Amino acid sequence: MSRTAWDVIVIGGGILGLSTAMEITRRHPAKRVLVLEKETGVGRHQSLHNSGVIHAGLYYRPGSLKAKTCVEGAAAMVRFAQEHGIDHEICGKVVVATEEAEILRLEELRRRGEANGIENIAVLGPEELREIEPHARGVKALRVPSTGIIDYGAVVRAYARIVAEAGQSIRTSAEVTGITVLKGEKRVETTAGDFGGKLIVNCAGLYADRIARLAGAAPPMKIVPFRGEYYELTPERRSLVKSLIYPVPDPAFPFLGVHFTRRVDGNVEAGPNAVLAYMREGYTKTRVDPYDLLETLTYPGFLRLALKYWKTGLGEMVRSVSKSAFTRALQKLMPEIRESDLVPAGAGVRAQAVDREGGLLDDFSIIRTEGAVHVCNAPSPGATASLMIGRAIADMAEEMEG
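Positions within a chain are numbered from 1, following the residues in the order the chain's sequence is written. Two thresholds apply to this predicted model, a pLDDT of at least 70 for residue-level local features and 80 or more for giving and counting side-chain atom pairs, whereas whole-chain, interface and lining totals are computed over all residues. Each side-chain value is derived from all of the structure's non-hydrogen atoms; neither hydrogens nor water enter the calculation.

1. Notes on the state of the cysteines
Throughout, disulfides are identified as pairs of cysteine sulfur atoms within 2.5 Å of each other. Scanning the entire structure with this criterion turns up 0 disulfides. Free cysteine: cysteine 203, not disulfide-bonded; nearest cysteine sulfur from cysteine 376 at 10 Å. Burial here depends on accessible area, computed with a 1.4 Å probe over protein chains only, as a share of the maximum for the residue type. Under 20% is buried, over 50% is exposed, and the range in between is partly exposed. For cysteine 203, a relative accessible area of 10% puts it in the buried group.

Spelled out as structure tokens, the structure:
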């Protein structure tokens, strides 16, 4: 195989990598696109370990890449689901202020949502809230009717099927170990062999910063993994939640706080918290990778973050080890929830980009270097916005080709 056998090599077979491959193929059917995935199947990490929500775009700063791609992406995701028979439902959500001090932040969310083009946001009083979610309690709430739920696993499989049916290649069990450039040609070395191509698209998620550095880039951030742990409501208590019930988030963090999420399969999840994971694939408390952990603990950005927000971090750790503390956090939204209503569920790991000053990158971050596009930060609502992000990367690829 010659070095230039592939026009585009996408590193990462998650929802963003596959969306990008799908969009490039749609625009340029004659191009040869290769997707490299280190796992034995596609979408094994953030793509399948998320809340399954089609976000409406309520939280994001107007004009930001998140806001633009989320609002457009949500509509595109619904159309895609309808076209491909993927389970989904536009069930709406409520964001609940549980105390007077949160009302100003709730009003700011309403302003942002309307600025982002979300229609029919309603402000609810306590009685109106109970009409929609009879067991939720708060002093004020927002109703966002365009929020939905979906099976993102089915979305990933549909993306992969479309890419494969177009004649493109998805290579699994192909972990990238090196990237070299010779006379403008890129050679990607993997555990499944070496592959040459003209353009690299880095959608490696939890490993995006490492892949960028292998490609010779110097991203101004590092991925710090945060684990989000969930409980599920027992079957007999699922009726307590009609749709989605969220708290008012802390504006200092890109996390949304523990909440209730009804899934398309009928389960109801409660969570997540946000604690430091001891490895980039640290889905359980006992999984530790000394290299990953040392890299995080010696990174100046993480040390500054931990110093600034140690009290918040401590609270998250307490909820991680104490079911009663986790339950108390949920009781702010739904006072009748008890520990016995909750059973342990899965966990996800968020690839959170942190800069050297300790700042949590809140917006999507996509950078270009010679012959490469790197998705350095694309947490929630990355799945919702995946079709739009794929289009944005395809636009960049076309610009780079001149």
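2. Let's talk about the sheet that holds strand β3 (residues 53–54)
The rule for pairing is simple: two strands pair if DSSP sees at least two bridges between them. Strands are runs of DSSP state E lasting at least two residues, helices are runs of H or I lasting at least four, and both sets are numbered from the N terminus onward. A sheet is described by the order of its strands in space; here 3 strands give the open sequence β3-β8-β4, paired in antiparallel fashion. Edge positions in the sheet fall to β3 and β4 (88–89), since each of these pairs with one other strand and no more. As paired strands, β3 and strand β8 (residues 148–150) are joined by 2 bridges and run antiparallel to one another. Each bridged residue has a counterpart across the sheet, and for isoleucine 54 the counterpart in β8 is glycine 148.

3. Topic: the packing of helix α2 (residues 65–84) against helix α11 (residues 386–400)
Between N-to-C directions, angles span 0 to 180 degrees; the directions come from axes that are lines fitted to C-alpha atoms, helices contributing only their stretch in contact. Between α2 and α11, whose axes approach to 7 Å, the crossing angle comes to 115 degrees. Here α2 is positioned roughly perpendicular relative to α11, judged by the angle of their axes. Touching Thr69, Glu72, Gly73, Ala76, Met77 and Phe80 of α2 are Ser386, Leu387 and Met388, all from α11. Each angle gets one of four labels, with under 35 degrees taken as roughly parallel, over 145 as roughly antiparallel, 65 to 115 as roughly perpendicular, and the rest as oblique. Any pair of residues with heavy atoms lying within 4.5 Å of one another is described as a contacting pair.

4. A closer look at the pattern of salt bridges
Counted as salt bridges are all cases of a side-chain nitrogen of Lys or Arg within 4 Å of a carboxyl oxygen of Asp or Glu. Applying the stated criterion across every chain yields a total of 28 salt bridges. One salt bridge connects glutamate 107 with lysine 140, and the closest N-O pair in it is separated by 3.4 Å. Residue glutamate 107 is found in helix α3 (residues 103–115), and its partner lysine 140 is found in strand β7 (residues 140–144); the two are separated by 33 residues along the sequence. For lysine 140, a relative accessible area of 23% corresponds to the partly exposed category. Of the charged contacts, one joins aspartate 292 and arginine 210 as a salt bridge, the two residues approaching to 2.6 Å between their closest N and O atoms. With aspartate 292 in helix α7 (residues 290–297) and arginine 210 in helix α6 (residues 208–214), this pair connects stretches of sequence that are 82 residues apart. By sharing partners, the salt bridges in this structure join Asp209, Arg210, Arg213, Lys222, Arg280, Asp292 and Glu295 into a single network.

5. Focus on the packing of aromatic side chains
By convention, a stacked pair of Phe, Tyr or Trp rings (six-membered ring in the case of Trp) has centres within 6.5 Å and planes under 30 degrees apart, an edge-to-face pair has planes over 60 apart, and any other such pair is tilted. Throughout the structure, instances matching the rule amount to 3 aromatic pairs. Ring plane angle 75 degrees and centroid distance 5.1 Å describe the contact between phenylalanine 80 and tyrosine 159, whose orientation is recorded as edge-to-face. In this pair, phenylalanine 80 is assigned in helix α2 and tyrosine 159 in helix α5 (residues 152–165), connecting sequence segments 79 residues apart. Residue class for tyrosine 159 comes out buried when judged on its relative accessible area of 0%. For arginine 32, the ring lying beneath its charged end belongs to tryptophan 6, and the centroid distance is 4.1 Å. Definition used: whenever NZ (Lys) or CZ (Arg) falls within 6 Å of the ring centre and also within 35 degrees of the ring normal, the charge is taken to sit over that ring. The ring of tyrosine 246 has lysine 93 sitting right over it, with the charged end atom 3.5 Å from the ring centre.

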